[in-house]
Amino acid sequence: MIFKWPRKHTTHIPFGKCNGVAMHPLRNRTDKIRKILRSTYPDVKTALNHRNPFELLIATILSAQTTDRQVNSVTGGLFQRFPTANHLAAAPLHEIEDRIRSTGFFHNKARNIRACARALEERHAGRVPRRLEDLTKLPGVGRKTANVVLGAAFGIPGMVVDTHVKRLAGRLGLTPHSDPVKIEYDLMQIVPKRAWNAFGLQLIHFGRDICHARKPACPACPLRHLCPFPNKTGG
Ligand code: SF4
C-alpha cells in the first residue's frame, strides 16, 4: 500500500532500519524508487559544461528558464573573454549581455552574474564559497543553484529541487508540499545524505525522459508500481 501523507504532518520521519529494511513505509518506498532510478541512470552528472566552480556557478545562474544546451552554447565564449570572477566583475554590462543574449532574460542575467562576480571578489577573494549559507547570499543564487554547485563542484551533499524534482516529488507522493524549500527538507528526510546529489539529478533525468509535465509516459514508466498516479496518461 502506498503511504499517504497525513493532512497535518510534522515533517518528521524517523530514520531507522530493521534487518536492512527501512522501517517507515515512505522511506521504504523511496528506497525502492532510488534503486530503480540508480539502475536507470547509473552515472548522472550535470550537463552544464564547466572547468571549475566559478564557471559552474555562473552557468547555473544562466540556466534559469532555458536549457543546459543553450547555456553550453554561450559559456565557452563568455569564459574565454571573462575567465575569472575578477574579469567578469569588471566587464561592461552590454558586453556580457551580447554574449548571453540567447539564454533569455539576458538583461537580468547579465546584471546578476556581474553582481555575483563582484560579490565573490569582495567577500570571498574571487573564490566560490563551499557553504550553502554563503552561496545563497550571492546575487542571483537561490538554494537550487547553491545545491547544484555544492554537489557538482565540491562533492558536498545538497538536494537540488528544480521544476522536475518539484513535479516528481509531488506525483510520487514523496511530499505534500509545493514550496521548493519544504520539498527539499522533506526529501532530505527520506533520502540518505550520501545520495542527495544523485537522487536530485536522477529525478531531473527521469522528468525529462519519462514523467513529463504534460504527458507522462506512464505505460513505459519503471516506477509505475510505486506511483500513486500510475494512469496519469490513461495508459
Ligand atoms: S507512473 Fe506516470 S505519473 Fe507516475 S512516475 Fe511514472 S510517468 Fe510519472
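In short, a report on the structure.

1. Remarks on the site of the ligand
At step 1: By nearness alone, 14 residues border the ligand, and C211, P216, C218, C221 and C227 come closest of all.
At step 2: Here the residues of the shell around the ligand sort into eleven nonpolar, no polar and three charged.

2. Some remarks on the environment of F54
At step 1: Residue position: F54 is located in helix 2 (residues 53-62).
At step 2: Sequence separation between F54 and A85 is 31 residues; the distance between their C-alpha atoms is 7.2 Å.
At step 3: Contacts of F54, omitting those with residues within four sequence positions, involve T84, A85 and V128.

3. With respect to helix 3 (residues 68-81)
At step 1: Between its first and last C-alpha, helix 3 extends 20 Å over 14 residues, near the 20 Å set by a 1.5 Å rise per residue.
At step 2: When the local axis directions of helix 3 are compared, the greatest deviation, roughly 35°, occurs at T75.
At step 3: Against helix 2 and helix 5 (93-100) lie the buried residues of helix 3.

4. Thoughts on unusual backbone geometry
At step 1: Although it is not a glycine, Q65 sits at a positive phi angle of roughly 60°.
At step 2: Note that Q65 resides in the loop between helix 2 and helix 3.
At step 3: The phi dihedral of A125 is positive, around 55°, even though this residue is not glycine.
At step 4: Note on placement: A125 falls in the loop between helix 6 (106-124) and helix 7 (132-135).
At step 5: A tally of 9 C-beta atoms within 10 Å means that A125 is categorised as exposed.

The rules behind each value
Residues numbered from 1 in each chain as written. Predicted model: local features only at pLDDT ≥ 70, side-chain atom pairs only at ≥ 80, totals over all residues. Near = placed C-beta within 6 Å. Nonpolar A, V, L, I, M, F, W, Y, C, P; charged D, E, K, R; others polar. Helix = DSSP H or I, 4+ residues; strand = E, 2+ residues; numbered from the N terminus. Contact = placed C-beta atoms within 7 Å. Expected span 1.5 Å × (residues − 1). Bend = angle between axes of the 7 residues up to and from the residue. Buried ≥ 20, exposed ≤ 12 C-beta atoms within 10 Å, placed from the backbone.

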